[in-house]
Amino acid sequence: IFFILNSVSYSVLKVQGVEYRTIKFKGKNIQTYSFGEGENVVLALPPFPHSGVIYLNLTKFNLHRNLRFISFDIPGWIGNSENLFEEKDFDIIDVVGICNEILEEYKVEEFSLLGFSFGTSIETLFASLTKAKLKKLVFVSPLITSQYGDDDKNVKLLARLYPLRP
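Residues numbered from 1 in each chain as written. Predicted model: local features only at pLDDT ≥ 70, side-chain atom pairs only at ≥ 80, totals over all residues. Heavy atoms only, no water.

Trainee: Outline the overall build of the protein chain, listing residues and values.
Mentor: The number of helices and strands found in the protein chain is 4 helices and 7 strands. Looking at the 166 residues of the protein chain, the share that counts as buried comes to 40%. Long-range contacts, defined as pairs at least 24 residues apart, comprise 59% of the intrachain contacts of the protein chain with a sequence gap of at least 6. Here the protein chain displays about 9,700 Å² of accessible surface, and carbon together with sulfur accounts for 52% of that area. (Helix = DSSP H or I, 4+ residues; strand = E, 2+ residues; numbered from the N terminus. Buried < 20%, exposed > 50% of the residue type's maximum accessible area, 1.4 Å probe, protein only. Contact = heavy atoms within 4.5 Å. Areas by Shrake-Rupley, 256 points an atom, 1.4 Å probe, with all protein chains shown as cover.)

Trainee: Got a sec to walk through the environment of Leu137? Specific residues and values, please.
Mentor: Within the secondary structure layout, Leu137 lies in strand β7 (residues 134-140). Assessed through its relative accessible area of 25%, Leu137 is described here as partly exposed. Sequence spacing of Leu137 and Ala127 is 10 residues, and the spatial spacing of their C-alpha atoms is 8.1 Å.

Trainee: So what's going on with helix α2 (residues 92-105)? Which residues, and what values?
Mentor: In this model α2 runs 20 Å from its N-terminal to its C-terminal C-alpha over 14 residues, within 8% of the 20 Å that 1.5 Å per residue would give. Within α2, burial applies to Asp94, Val95, Val96, Ile98, Cys99, Ile102 and Leu103. Here α2 starts with a cap whose side-chain oxygen sits 3.0 Å from the backbone nitrogen of Ile93, and that cap is Asp91. Just past α2, the residue Lys107 takes up positive phi, approximately 55°. (Expected span 1.5 Å × (residues − 1). Polar contact = N/O pair within 3.5 Å; in protein donor to acceptor, adjacent residues only side chain to side chain.)

Trainee: A description of the confidence of the model for the protein chain should follow, citing residues and the corresponding values.
Mentor: Overall, the predicted model of the protein chain reaches an average pLDDT of 81, with 77% of residues at or above 70. Across the protein chain, the secondary-structure element scoring lowest on mean pLDDT is helix α1 (residues 2-7), at 44, and the one scoring highest is strand β4 (residues 40-45), at 95. Within the model, pLDDT remains below 50 along residues 1-8, and this stretch shows 11 contacts once partners closer than five positions in the same chain are excluded. Low confidence marks residues 162-166, where pLDDT is under 50. Its contacts with residues over four positions away, or in another chain, come to 5 contacts. (pLDDT = per-residue confidence, 0-100.)

Trainee: Break down the pattern of salt bridges for me, with residues and values.
Mentor: Summed over all chains, the structure comprises 5 salt bridges. Ionic pairing is found between Glu105 and Arg21, a salt bridge with its closest N-O pair at 3.3 Å. One end of the pair, Glu105, is in helix α2; the other, Arg21, is in strand β2 (residues 18-25), and 84 residues separate them in sequence. Overall, the relative accessible area of 35% leaves Glu105 in the partly exposed class. Judged by relative accessible area, Arg21 falls into the buried class, the value being 14%. Across the pair Asp94 and Lys26 runs a salt bridge whose closest N-O atoms are separated by 2.7 Å. (Salt bridge = Lys/Arg side-chain N within 4 Å of Asp/Glu carboxyl O.)

Have a look at this one:
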């Protein structure tokens, strides 16, 4: 499917139950994916360096059909988004801005977040900014290393959202 996506110009394309939608962020094309027909939206944040298509495996387990997943390719990682960070360092704030733009594009009012590995770092920051619209948080293999102390602001934020255990 990536060969098709790279050779065809489109803004929305639906293939085998997956909607491929290109949105603009700071003048760059960002590739998004939506699958599942449910009214409960889950914004799924991919692990480094994977594409958002990694979450297509979840469709096998969406047994109740009540979930709709939206994911995307983070610029500069594997996938079809244009690299926003070619001339500057990676900035997680820009990725949070992309998350917000995606929810606006898909007209999502309430949502849950699913982060995997580095995606949990994005999830934590985005959750702190969108509490009023947020339903649930799911952390898969959260990224916390020993270099962070208990007084680190990111660890404190994560601890409030997801209780840490020794």
